[in-house]
Amino acid sequence: MSNFNMESDMGYLASMTEDERVVFLKTLAKLAMSDDVFDDEEKLFIREMALVLGVPESRYDEIRAKASDDDIVDAVKIIKDRKKAMELVKEMCLLANSDGDLSDREVLLIGRVGQAMGLELEKIEQISQWVVDRIIWLEEGKIIFEKV
(Lines give C-alpha, C1' and ligand atoms only; values in the text may rest on other atoms or scores of the structure.)
Protein backbone atom coordinates (compact mmCIF):
# COMPACT_ATOMS: atom_id res chain seq x y z
CA MET A 1 0.00 0.00 0.00
CA SER A 2 1.08 3.63 -0.26
CA ASN A 3 3.00 5.58 2.34
CA PHE A 4 0.06 7.03 4.22
CA ASN A 5 0.24 4.32 6.92
CA MET A 6 -3.44 3.93 7.51
CA GLU A 7 -4.03 2.44 10.93
CA SER A 8 -3.81 -1.33 10.63
CA ASP A 9 -6.66 -2.11 13.05
CA MET A 10 -9.63 -1.43 10.80
CA GLY A 11 -12.09 -3.92 12.25
CA TYR A 12 -14.54 -1.10 12.84
CA LEU A 13 -14.97 -0.85 9.07
CA ALA A 14 -16.49 -4.32 8.90
CA SER A 15 -19.65 -3.04 10.55
CA MET A 16 -20.00 -0.03 8.24
CA THR A 17 -22.58 0.04 5.51
CA GLU A 18 -21.43 0.56 1.94
CA ASP A 19 -22.68 4.16 2.07
CA GLU A 20 -20.70 4.79 5.26
CA ARG A 21 -17.58 3.34 3.63
CA VAL A 22 -18.05 5.56 0.60
CA VAL A 23 -18.45 8.63 2.83
CA PHE A 24 -15.36 7.54 4.80
CA LEU A 25 -13.34 7.41 1.57
CA LYS A 26 -14.89 10.59 0.15
CA THR A 27 -13.84 12.38 3.31
CA LEU A 28 -10.26 11.11 3.07
CA ALA A 29 -10.17 12.03 -0.64
CA LYS A 30 -11.44 15.53 0.17
CA LEU A 31 -8.75 15.91 2.81
CA ALA A 32 -6.11 14.73 0.33
CA MET A 33 -7.40 17.32 -2.16
CA SER A 34 -7.52 20.14 0.39
CA ASP A 35 -4.19 21.46 -0.88
CA ASP A 36 -5.74 21.66 -4.37
CA VAL A 37 -3.56 18.77 -5.53
CA PHE A 38 -4.75 15.19 -5.81
CA ASP A 39 -1.58 13.47 -6.94
CA ASP A 40 -1.15 9.94 -8.27
CA GLU A 41 0.00 8.57 -4.91
CA GLU A 42 -3.09 9.97 -3.18
CA LYS A 43 -5.36 8.58 -5.91
CA LEU A 44 -3.68 5.19 -5.58
CA PHE A 45 -4.14 5.28 -1.80
CA ILE A 46 -7.88 5.97 -2.14
CA ARG A 47 -8.26 3.28 -4.81
CA GLU A 48 -6.43 0.71 -2.70
CA MET A 49 -8.53 1.58 0.34
CA ALA A 50 -11.68 1.21 -1.74
CA LEU A 51 -10.53 -2.27 -2.76
CA VAL A 52 -9.70 -3.21 0.84
CA LEU A 53 -13.09 -1.95 1.99
CA GLY A 54 -14.94 -3.83 -0.74
CA VAL A 55 -16.40 -0.68 -2.27
CA PRO A 56 -17.61 -1.43 -5.81
CA GLU A 57 -15.60 0.11 -8.62
CA SER A 58 -18.83 1.70 -9.84
CA ARG A 59 -18.59 4.10 -6.86
CA TYR A 60 -14.96 5.24 -7.43
CA ASP A 61 -15.98 8.32 -9.40
CA GLU A 62 -18.32 9.30 -6.57
CA ILE A 63 -15.48 8.95 -4.07
CA ARG A 64 -13.01 10.98 -6.12
CA ALA A 65 -15.46 13.65 -7.26
CA LYS A 66 -14.70 17.15 -6.09
CA ALA A 67 -16.93 18.15 -3.21
CA SER A 68 -17.12 21.24 -1.07
CA ASP A 69 -16.25 21.14 2.61
CA ASP A 70 -19.94 21.72 3.33
CA ASP A 71 -20.91 18.72 1.18
CA ILE A 72 -18.50 16.49 3.12
CA VAL A 73 -19.66 17.83 6.48
CA ASP A 74 -23.26 17.05 5.51
CA ALA A 75 -22.34 13.61 4.15
CA VAL A 76 -20.54 12.40 7.30
CA LYS A 77 -23.68 12.90 9.35
CA ILE A 78 -24.74 9.39 8.29
CA ILE A 79 -21.99 8.07 10.57
CA LYS A 80 -23.80 8.00 13.90
CA ASP A 81 -21.65 5.49 15.79
CA ARG A 82 -19.16 7.29 18.06
CA LYS A 83 -16.37 4.73 17.58
CA LYS A 84 -16.65 4.96 13.80
CA ALA A 85 -16.59 8.76 14.06
CA MET A 86 -13.46 8.69 16.22
CA GLU A 87 -11.78 6.28 13.78
CA LEU A 88 -12.56 8.55 10.83
CA VAL A 89 -11.07 11.53 12.69
CA LYS A 90 -8.00 9.43 13.55
CA GLU A 91 -7.50 8.38 9.92
CA MET A 92 -7.97 11.99 8.80
CA CYS A 93 -5.30 13.10 11.28
CA LEU A 94 -2.92 10.38 10.11
CA LEU A 95 -3.46 11.34 6.47
CA ALA A 96 -3.16 15.08 7.15
CA ASN A 97 0.12 14.57 9.00
CA SER A 98 1.56 12.10 6.48
CA ASP A 99 3.30 14.79 4.43
CA GLY A 100 4.70 16.61 7.47
CA ASP A 101 2.69 19.72 6.63
CA LEU A 102 -0.58 20.06 8.53
CA SER A 103 -2.40 23.04 7.05
CA ASP A 104 -4.99 25.25 8.72
CA ARG A 105 -7.48 24.12 6.07
CA GLU A 106 -6.91 20.47 6.99
CA VAL A 107 -7.30 21.22 10.71
CA LEU A 108 -10.54 23.10 10.07
CA LEU A 109 -11.98 20.28 7.94
CA ILE A 110 -11.06 17.64 10.53
CA GLY A 111 -12.74 19.70 13.24
CA ARG A 112 -15.89 20.32 11.23
CA VAL A 113 -16.18 16.66 10.22
CA GLY A 114 -15.70 15.46 13.79
CA GLN A 115 -18.25 17.87 15.17
CA ALA A 116 -20.76 16.98 12.43
CA MET A 117 -20.55 13.37 13.66
CA GLY A 118 -21.18 14.49 17.24
CA LEU A 119 -17.64 14.52 18.61
CA GLU A 120 -16.64 17.23 21.03
CA LEU A 121 -13.82 19.57 19.98
CA GLU A 122 -11.83 18.39 23.01
CA LYS A 123 -12.08 14.76 21.79
CA ILE A 124 -10.98 15.76 18.28
CA GLU A 125 -7.98 17.61 19.70
CA GLN A 126 -7.17 14.62 21.91
CA ILE A 127 -7.17 12.28 18.89
CA SER A 128 -5.05 14.73 16.89
CA GLN A 129 -2.49 14.99 19.70
CA TRP A 130 -2.37 11.19 20.00
CA VAL A 131 -1.60 10.95 16.27
CA VAL A 132 1.19 13.53 16.55
CA ASP A 133 2.63 11.79 19.63
CA ARG A 134 2.51 8.46 17.77
CA ILE A 135 4.34 9.89 14.76
CA ILE A 136 7.04 11.33 17.03
CA TRP A 137 7.33 8.05 18.91
CA LEU A 138 7.73 6.07 15.67
CA GLU A 139 10.38 8.52 14.39
CA GLU A 140 12.28 8.28 17.68
CA GLY A 141 12.16 4.49 17.33
CA LYS A 142 13.84 4.73 13.94
CA ILE A 143 16.66 6.71 15.48
CA ILE A 144 17.03 4.49 18.54
CA PHE A 145 17.03 1.30 16.48
CA GLU A 146 19.20 2.89 13.78
CA LYS A 147 16.67 2.42 11.02
CA VAL A 148 17.34 5.80 9.42
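Heads up: the structure comes first, above all this text.
Colleague: Can you tell me about the overall build of the protein, naming the residues and giving the values?
Modeller: The helix and strand inventory of the protein stands at seven helices and zero strands. Traced from its N-terminal end to its C-terminal end, the protein shows the element sequence α-α-α-α-α-α-α. By the compact-globule yardstick of 15 Å for 148 residues, the protein fits well, its C-alpha radius of gyration being 15 Å. With the principal axes as the frame, the protein shows a C-alpha extent of 45 × 35 × 30 Å.

Colleague: Before we move on, can you summarise the pattern of salt bridges with the specific residues and values?
Modeller: Two side chains with opposite charge may pair up if their charged atoms get near one another. The tally for this structure, following the rule as stated, stands at eleven salt bridges. In this structure, Arg59 and Glu62 form a salt bridge, with 3.0 Å as the shortest nitrogen-oxygen distance. Judged by its relative accessible area of 32%, Glu62 falls in the partly exposed class. Taking the shortest distance from any N to any O, the salt bridge between Lys77 and Asp74 comes out at 3.5 Å. When its relative accessible area of 40% is taken as the criterion, Lys77 is described as partly exposed. Here the salt bridges do not stand alone but share partners, grouping Glu18, Asp19, Arg59 and Glu62 into one network.

Colleague: Can you break down the nonpolar core residue by residue, with the values?
Modeller: The biggest cluster of nonpolar side chains holds 42 residues, and the ones touching the most others in it are Leu88 and Val113. At the level of elements, α1 (18-32), α2 (40-53), α3 (60-64), α4 (69-75), α5 (82-97), α6 (104-116) and α7 (121-144) are the ones that each hand at least two residues to this core. When neighbours within four sequence positions are excluded, Leu88 is seen to be in contact with Phe24, Thr27, Leu28, Val76, Ile79, Val113 and Met117.

Colleague: Quick rundown of a negative patch on the surface? Include the residues and the values.
Modeller: A cluster of acidic residues, Asp35, Asp39, Asp40, Glu41, Asp99 and Asp101, forms a negative patch on the protein surface. Assignment of secondary structure puts Asp99 in the loop between α5 and α6.

Colleague: Which residues make up unusual backbone geometry, and what values do they have?
Modeller: If a residue is not glycine, its phi is most likely negative; likewise, a peptide bond is most likely trans. For Glu146, which is not glycine, the phi dihedral falls at a positive 55°. With respect to the secondary-structure elements, Glu146 resides in the segment after α7. In this structure Glu146 comes out as exposed when scored by relative accessible area, which is 68%.

Colleague: With reference to specific residues and values, describe α5.
Modeller: With 16 residues, α5 extends 23 Å from end C-alpha to end C-alpha; this agrees with the ideal 22 Å at 1.5 Å per step. Where α5 begins, one side-chain oxygen reaches toward the backbone nitrogen of Lys83, 3.1 Å away; that side chain belongs to Asp81.

Colleague: How would you sum up the packing of α5 against α7? Please name residues and give values.
Modeller: Across the interface, α5 lies against α7 with an axial gap of 9 Å and an inter-helix angle of 45°. Here α5 lies oblique to α7, going by the angle between them. Like other packed secondary-structure pairs, α5 and α7 cross with a definite hand, here right-handed. Residue-level contacts link Arg82, Met86, Val89, Lys90, Cys93, Leu94 and Asn97 of α5 to Lys123, Ile124, Ile127, Ser128, Trp130, Val131, Val132, Arg134 and Ile135 of α7.

Colleague: Can you lay out α6 for me, pointing to particular residues and giving the numbers?
Modeller: In this model, α6 (13 residues) spans 18 Å end to end at C-alpha, consistent with the 18 Å of a helix rising 1.5 Å per residue. All of the buried residues in α6 are Glu106, Leu109, Ile110, Gly111, Val113 and Gly114. Among the structural elements, α1, α4, α5 and α7 are those in contact with the buried residues of α6. Phi turns positive, to about 95°, at Gly118, one or two residues after α6.

Thresholds applied
Residues numbered from 1 in each chain as written. Predicted model: local features only at pLDDT ≥ 70, side-chain atom pairs only at ≥ 80, totals over all residues. Heavy atoms only, no water. Helix = DSSP H or I, 4+ residues; strand = E, 2+ residues; numbered from the N terminus. Rg over C-alpha atoms; globule rule 2.2 N^0.38 Å. Salt bridge = Lys/Arg side-chain N within 4 Å of Asp/Glu carboxyl O. Buried < 20%, exposed > 50% of the residue type's maximum accessible area, 1.4 Å probe, protein only. Core = buried A, V, L, I, M, F, W, Y, C linked by side-chain atoms within 4.5 Å. Contact = heavy atoms within 4.5 Å. Patch = residues over 30% accessible without salt bridge, like charges linked within 9 Å, V, L, I, M, F, W, Y side chains within 5 Å. Areas by Shrake-Rupley, 256 points an atom, 1.4 Å probe, with all protein chains shown as cover. Lys, Arg positive; Asp, Glu negative; His and termini not counted. Charge placed at Lys NZ, Arg CZ, Asp CG, Glu CD. Expected span 1.5 Å × (residues − 1). Polar contact = N/O pair within 3.5 Å; in protein donor to acceptor, adjacent residues only side chain to side chain. Axes fitted to C-alpha atoms, helices over the stretch in contact; angles between N-to-C directions. Parallel < 35°, antiparallel > 145°, perpendicular 65-115°, else oblique. Left-handed = near helix turned anticlockwise from the far one by under 90°.

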